[in-house]
Amino acid sequence: MTVRLVQVLLHIVIPGTAPTPFLSVVGDCFLWSFPASLLIMALVRFGWRRGKGVEDP
Amino acid sequence: MAAGQGGRGPVTHEYEIPRATAARPRLALVYAGVGVVVALAAARHFYYIDKWPHYRLVTVIWAIAFACTALQWLVSWLERPYTVTPRQQARLDLMQVTVNIPVYNEEPVVLDRVLYALFAQTRLPNRVDVVDDGSTQEDYSAVRDYWLAHHPPSVELNWRRYPNVGKKRAQARTFGSDATAEVFVTLDSDTTLARNALEEGLKPFADSTVHSVAGIELAWNYGCSLLTRIKGVNALIWQFTVCSAQSVAGGNVLVNRGTFALYRADMIRETLAAYVGETLFGRPVMLGDDTMLTLFALNRGRAVQQPSAVCFAMYPETLSHTLRQWTRWMRGTALRTLWRLRYLSPASWGWWYTAITTWSYLAFVSVLAAVAVDWHEARSFAATALSISAAWMWLVASRMFAVRRSDQRLIDRLEAFLLVPVAMVWLTLVLRPMRLWGTLTMREQGWVTRRRGAETRSSVADVAAVGAETPRWTSYES
C-alpha cells in the first residue's frame, strides 16, 4: 500500500511515460558515445605533441 | 539613461546604474526543499531502473546523468559571497588595480556609460587603459575628451588607438606595459559595473591561492526583446548552477565572463607570451580570450566566482547577432574543451565536468540525429524528454533568485522564471546543435560580430605582424 502510494506521488511530481522501443536507440547512442569520448580524451591528453598541428600553449 | 534602454540615446556622461545584491538564502530551509525534490526524483529513477528491465542501459545512464546534475545543483546552493576581515580589506585597499577596456566599434553612449560606472566605483581602480582597437565606425572624441578631463584624479586614465589586431592583443597592450599592477581587470566596452563591483570582486584575492575571480553578468538590456530575456535567463541559470558549483568545488570555475573578470597580474605576465602566441594549425587563436585566462589561473591555483560582483552587459537584440555571437563562443569552447582535458588535473572537478559534458554532448548529438532520422518512432520520446528536461530546469532555475537587481520588481523576476522552459527549448533545439557547427569550424577564428559597415576581420597576416611592428598608436593620457 505504502509503495503504491509513493508510486502515485511520484507520478504526480514527475509525469510518467510508457517505455518506447526508441529508448534502445537512445541507450545505444550513449553507449557508443562513451568510447568515442574516451578516444578524444586519450588523444588530447597523450596524443598531441608540440608542432603536430596544435601548438602547446 | 536607465537600464534596459540599450545603446540608444545621447552621450550624457551621467547614467542611472541599477544596484544588484547577492541573496543569502537560509541553507537549512533550502536544503530541506532541495533534499525532498532530489529524493523524489532519485526514487523515480530507481523506479524506472526496476520496472523497465528491457531498457536498463538507458535508465541507468539517465540515473547517472541525474546524479551529476543533482550534485551540481546541491553544491551550487553552498555558494556565498566572499567576505574579508578589516585587516584583509586594508591590504586589498592598497592593491594596484589596472582595468583594460578593449574597444572595437562600440557605440559611444555605451562606452560613456561604462566609464561613468567605472569612475563611480566604491573602490576606484588605480589605472584605466582604454584601448581603441582600430574602430572604423565610431568617433569617440567627445567621450575621450570628457573623461580625460573629468576622471577622478586618483585614477590614471590612458586612451590609446592602435591598428585593429583583435581583443587578446588589445588586452596585451595593457598587460605588457603595466609592471606595477597587482590585479588586472578585463572589462568589455559594453559592460557597466554595479557600483560596488570592483570592491566585491577584489575580496576573493585575500586568499593567496585565488588567481582569478569571475564577476556575475546580468543583461543591461534584459527587457529589450524576447531574445535578450531568453539569453538573460539561460546565462543566469548557468552562472548560478554550473559556475557556482565549480566555484564551491575547490575554485574550479572554467569560464570567467569576458565582460568582467579579475586576475592576479603576476599570473598574467607569466603567461602573456602563450596568451597572444596561441595558434591552432598554424593560425593565431583570436577567440576564447576569457576561457584561456581562466585556464591559466586554474593551472596556478583557484578560479572562483564572486556572486556579489555584478556587471550589466549588452546582450544581442537580434536573431542574427545572437547566432553569430553563439557561433563565436562555441568555436572558442571547442578548443578550450580540448585544452581543459589536456591540462587540468583528472583529480579536479573541472576536468571531470569537462569529461562528462564531452560524453553527454556526443550522446546528445547522436540522439538528435537518431530522432531526426526516425521521427515517427521517436516523437513520443522527444516530447517526454523535452518536458522532463523543462521541469527539471525549472527546479534548478530556483537558483536564479540568488541575485536581485533594483530595476526589477518581483513580477519581472517571476516572468523570468516563467520563461525557463522556453529558454530550455531554445538551448536544446537551437544553441546546443549549433555547438557542433562551432566545433567543426573552430579553425575559423574571425570575430564575426561588429563587422557591419566597414568592419572587417583581422587577417592572419595582420595579427602575425603586430608582434614585430613598431606600434602605430595615438596616445591620450591624463
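See the structure shown above.
A brief structural summary. (Residues numbered from 1 in each chain as written. Chains lettered and ligands numbered in written order. Predicted model: local features only at pLDDT ≥ 70, side-chain atom pairs only at ≥ 80, totals over all residues. Heavy atoms only, no water.)

So, on to the overall build of chain B. Tallying secondary structure elements over chain B gives 16 helices and 13 strands in all. Over its C-alpha atoms chain B spans a radius of gyration of 23 Å, differing by no more than 12% from the 23 Å that the globule rule assigns to 478 residues. When its C-alpha atoms are laid out on the principal axes, chain B stretches across 75 × 50 × 45 Å. The contacts in chain B between residues at least 6 apart in sequence include a share of 86% that link residues at least 24 apart. Averaging the positions of the 50 positive and the 39 negative side-chain charges in chain B gives two centres separated by 7 Å. (Helix = DSSP H or I, 4+ residues; strand = E, 2+ residues; numbered from the N terminus. Rg over C-alpha atoms; globule rule 2.2 N^0.38 Å. Contact = heavy atoms within 4.5 Å. Lys, Arg positive; Asp, Glu negative; His and termini not counted. Charge placed at Lys NZ, Arg CZ, Asp CG, Glu CD.)

It is worth spelling out the interface of chain A and chain B at this point. Between chain A and chain B, the contact holds 37 residues from the first and 43 residues from the second. For the pair chain A and chain B, the summed buried area comes to about 3,900 Å², and 74% of that belongs to carbon and sulfur atoms. Inspection of the region where chain A meets chain B yields zero salt bridges. For the interface between chain A and chain B, the tally reads six residue pairs in polar contact (both at pLDDT 80 or more). Broken down by secondary-structure element, the contributors of at least two residues to the side of chain A that touches chain B are helix 1 (2-13) and helix 2 (22-47) of chain A. (Buried area = accessible area lost by both parts, 1.4 Å probe. Salt bridge = Lys/Arg side-chain N within 4 Å of Asp/Glu carboxyl O. Polar contact = N/O pair within 3.5 Å; in protein donor to acceptor, adjacent residues only side chain to side chain.)

What follows is about the pairing of strand 7 (residues 210-219) of chain B. Residue and element names in this part refer to chain B. Of all ten residues that make up strand 7, ten are buried, and the element is covered over most of its length. Summarising the sheet, strand 7 and strand 11 (residues 302-313) pair through eight bridges and their orientation is parallel. Across the sheet, the residue bridging to Leu218 is Phe312, located in strand 11. (Buried < 20%, exposed > 50% of the residue type's maximum accessible area, 1.4 Å probe, protein only. Pairing = 2+ DSSP bridges.)

The next point concerns the packing of aromatic side chains. Applying the stated criterion to the full structure yields 20 aromatic pairs over all chains. Chaining the aromatic ring pairs together yields one cluster made of Phe22(A), Trp62(B) and Phe381(B). (Phe/Tyr/Trp six-rings, centres within 6.5 Å; stacked < 30°, edge-to-face > 60°.)

All names here are of chain B. The terminal C-alpha atoms of helix 8 (residues 226-248), which comprises 23 residues, lie 32 Å apart, in line with the 33 Å expected from a rise of 1.5 Å per residue. Of all the bends found along helix 8, the most pronounced is centred on Gln239 and spans about 30 degrees. The buried count for helix 8 comes to 19 of 23 residues, which makes it a mostly enclosed element. Within two residues after helix 8, Gly250 carries a phi angle of roughly 80 degrees, on the positive side. (Expected span 1.5 Å × (residues − 1). Bend = angle between axes of the 7 residues up to and from the residue.)

All names here are of chain B. Tallied over the entire structure, the rule returns 18 salt bridges over all chains. Ionic pairing is found between Lys167 and Asp289, a salt bridge with its closest N-O pair at 3.2 Å. One end of the pair, Lys167, is in helix 6 (residues 167-175); the other, Asp289, is in helix 10 (residues 289-298), with 122 residues separating them in the sequence. The pair Lys167 / Asp289 is uniform in exposure class, with both members buried. Linking Arg302 and Asp207 is a salt bridge whose minimum nitrogen-to-oxygen distance equals 2.6 Å. On the criterion of sequence distance, the pair formed by Arg302 in strand 11 and Asp207 in the loop between helix 7 (197-202) and strand 7 is long-range, its members being 95 residues apart. What makes Arg302 partly exposed here is its relative accessible area of 22%. According to the relative accessible area criterion, Asp207 is partly exposed, its value standing at 26%.

So, about the nonpolar core. Residue and element names in this part refer to chain B. One finds Ile101, Leu115, Val128, Phe205, Val233, Phe260 and Leu262 to be the most contacted residues of the largest nonpolar core, which totals 84 residues. Broken down by element, the residue count for this core peaks at seven residues, all from helix 8. Beyond its immediate stretch of four places on either side in the chain, Phe205 contacts Leu92, Met95, Val183, Val210, His211, Ser212, Val213, Leu262, Tyr263 and Arg264. Within the second largest apolar cluster, 34 residues are counted, among which are Phe175, Met267, Leu341 and Trp351. (Core = buried A, V, L, I, M, F, W, Y, C linked by side-chain atoms within 4.5 Å.)

All names here are of chain B. Relative orientation of the contacting elements helix 2 (residues 56-76) and helix 12 (residues 349-373) amounts to 145 degrees, with a least axis distance of 12 Å. You can see that helix 2 and helix 12 cross each other, and the crossing is left-handed. Note on element contacts: helix 12 touches helix 2 through Trp349, Tyr353 and Ile356, opposite Cys68, Leu71, Gln72 and Val75. (Axes fitted to C-alpha atoms, helices over the stretch in contact; angles between N-to-C directions. Left-handed = near helix turned anticlockwise from the far one by under 90°.)

Without other data, these values stay purely geometric and don't point to any function.
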